[in-house]
Amino acid sequence: MTFSGCNNLRDVYLPNTVTAIGEKAFMNCLKLSNINIPESLTSIGDSAFMRCEQLSFFKLPQTLTYLGSGAFMSCWNLMRVNLPDGLMEIQDQVFFMCTKLDYVTIPNTVKRIGNNAFRDCGSMKTIKLPESLESIGDWAFYSCSFSRIEPSTSLGQDTPEDGTCLKLPSSLKHIGKYAFAEIRELTSIILPNSVKTIGELAFSFTRNSHRNLHTLVIPASVEEIGRYAFWHGTTYHHPDEVGPFTDDLNDVYCHLENPVYNYNIFGNVKDKTLHVPAQSIELYRNGSQWNKFKEIVPLTNDEVAMGILPLNGATNTQEVHYSLSGHRIDSGQKGIHIIKYDNGTIRKVVIR
């Protein structure tokens, strides 16, 4: 807590002999806007720069191996951060309420993103997650601004700058509760075939009467889905009484052979169609909560074998259709299409 509460401190230059910044060292230095971090630094303690409201940019050295919980919490003007190689974990609340943070690089050494790590980072539209990542904590990306959540191998989504897409790596196993809740812009949730557990209210949305979501794909790897994981509405215990809450989600694609049981996962789905493996239809029709869908139909062979989604017609954007060889084709032509939308989204679909 060496400089904690020094409200008039504006510039800090640390010598190369410094290897660690202690807990709460610069907390509440409200005017601190410039800090020189030496290449010798290996550790930044818990809440070290918490509420340094004028801090907008800094460079972390490659020697850094530990970044403490809440280290940059409530740094409202912080915009860009490059995290160094060597970090194994992003601790809890590190960038919680960094409302202007819009760009972060995460090294391939990170295996876990902690609870509330990027919560309420409302400017966060894109971030490249490492292929080493195994766990995303509770509330980690709550109320960020992603428009799509898709696997890192999604066609045409090879760079984090493409649109506002959060790309989940094929190493990811756990998604915590509320991890991606209350994201207004979210239209697509396609989870990689590595995810095993999805926490309660992980992708829920309760702030607006209309939700933009139109694509939801649950992979075969999932073993547990928490309560209200994909909820839309405000009344948890009475899903048929959610009032005027509407969305663009007509179809849910679930690749699980055995339905995962839990108290209501989706909310009101009486106007939606559930697509499941053909051999599992009766299990879903007799399954608690899953049987509330308007209709339960089999996934097609193409969808099962290739993971291709049929065009659901939910998007209002202009589109251009291409063949697999890259030639432009008519939108009504039967077969496999590569469709590019004017918002930058690229999707592979089957037209029948």
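Residues numbered from 1 in each chain as written. Predicted model: local features only at pLDDT ≥ 70, side-chain atom pairs only at ≥ 80, totals over all residues. Heavy atoms only, no water.

Asks: For the pattern of salt bridges, give the residues involved together with the corresponding values.
Replies: Considering all chains together, one arrives at ten salt bridges under this definition. Where Glu-150 meets Arg-148, a salt bridge forms, and the shortest distance between an N and an O atom there is 3.5 Å. The two residues Glu-150 and Arg-148 agree in class, both being buried. Ionic pairing is found between Lys-272 and Asp-247, a salt bridge with its closest N-O pair at 2.8 Å. Of this pair, Lys-272 sits in the loop between strand S20 (251-254) and strand S21 (273-276) while Asp-247 sits in strand S19 (residues 246-247), placing them 25 residues apart in sequence. Residue class for Lys-272 comes out buried when judged on its relative accessible area of 5%. Several salt bridges converge on common partners, so that one network encompasses Arg-211, Asp-247, Asp-271 and Lys-272. (Salt bridge = Lys/Arg side-chain N within 4 Å of Asp/Glu carboxyl O. Buried < 20%, exposed > 50% of the residue type's maximum accessible area, 1.4 Å probe, protein only. Helix = DSSP H or I, 4+ residues; strand = E, 2+ residues; numbered from the N terminus.)

Asks: Now, about the layout of surface pockets: what can you tell me, with residues and values included?
Replies: Here the second largest pocket is characterised by a volume of approximately 210 Å³. The wall of the second largest pocket is formed by 15 residues, among which Phe-245, Asp-247, Asn-268, Asp-271 and Lys-272 lie closest to the centre. Looking at side-chain class alone, the lining of the second largest pocket contains six nonpolar, five polar and four charged residues. (1 Å grid on protein atoms, 1.4 Å probe; cavity = no way out; pocket = protein on both sides within 12 Å on 5 of 7 lines; lining within 4 Å. Points joined across faces, edges and corners; volume = space filled by probe spheres on them. Nonpolar A, V, L, I, M, F, W, Y, C, P; charged D, E, K, R; others polar.)

Asks: Give a detailed account of the sheet that holds strand S5 (residues 66-67), specifying residues and quantitative values.
Replies: Pairing is parallel in the open sheet, where three strands are placed in the order S2-S4-S5. Two strands lie at the open edges of the sheet, namely strand S2 (20-21) and S5, each paired on one side alone. As judged from the two bridges shared by S2 and strand S4 (residues 43-44), these two strands associate in the parallel manner. Residue pairing across strands places Ile-21 opposite Ile-44, the latter belonging to S4. (Pairing = 2+ DSSP bridges.)

Asks: Mind laying out the packing of aromatic side chains, listing which residues take part and the relevant values?
Replies: Under the counting rule described, the total for this entry stands at 17 aromatic pairs. Seen in terms of ring centroids, Tyr-228 and Trp-231 are 5.3 Å apart; in terms of plane orientation they differ by 85 degrees. Their pairing is edge-to-face. On the accessibility criterion, Tyr-228 (4% relative accessible area) is buried. Aromatic side chains Tyr-284 and Trp-290 sit 5.1 Å apart centroid to centroid with 90 degrees between the ring planes, which places their arrangement in the edge-to-face category. Exposure class is identical for Tyr-284 and Trp-290. Each is buried. Cation over ring: Arg-119 sits above Tyr-142, and NZ or CZ is 5.0 Å from the ring centre. (Phe/Tyr/Trp six-rings, centres within 6.5 Å; stacked < 30°, edge-to-face > 60°. Lys NZ or Arg CZ within 6 Å of the ring centre and 35° of its normal.)

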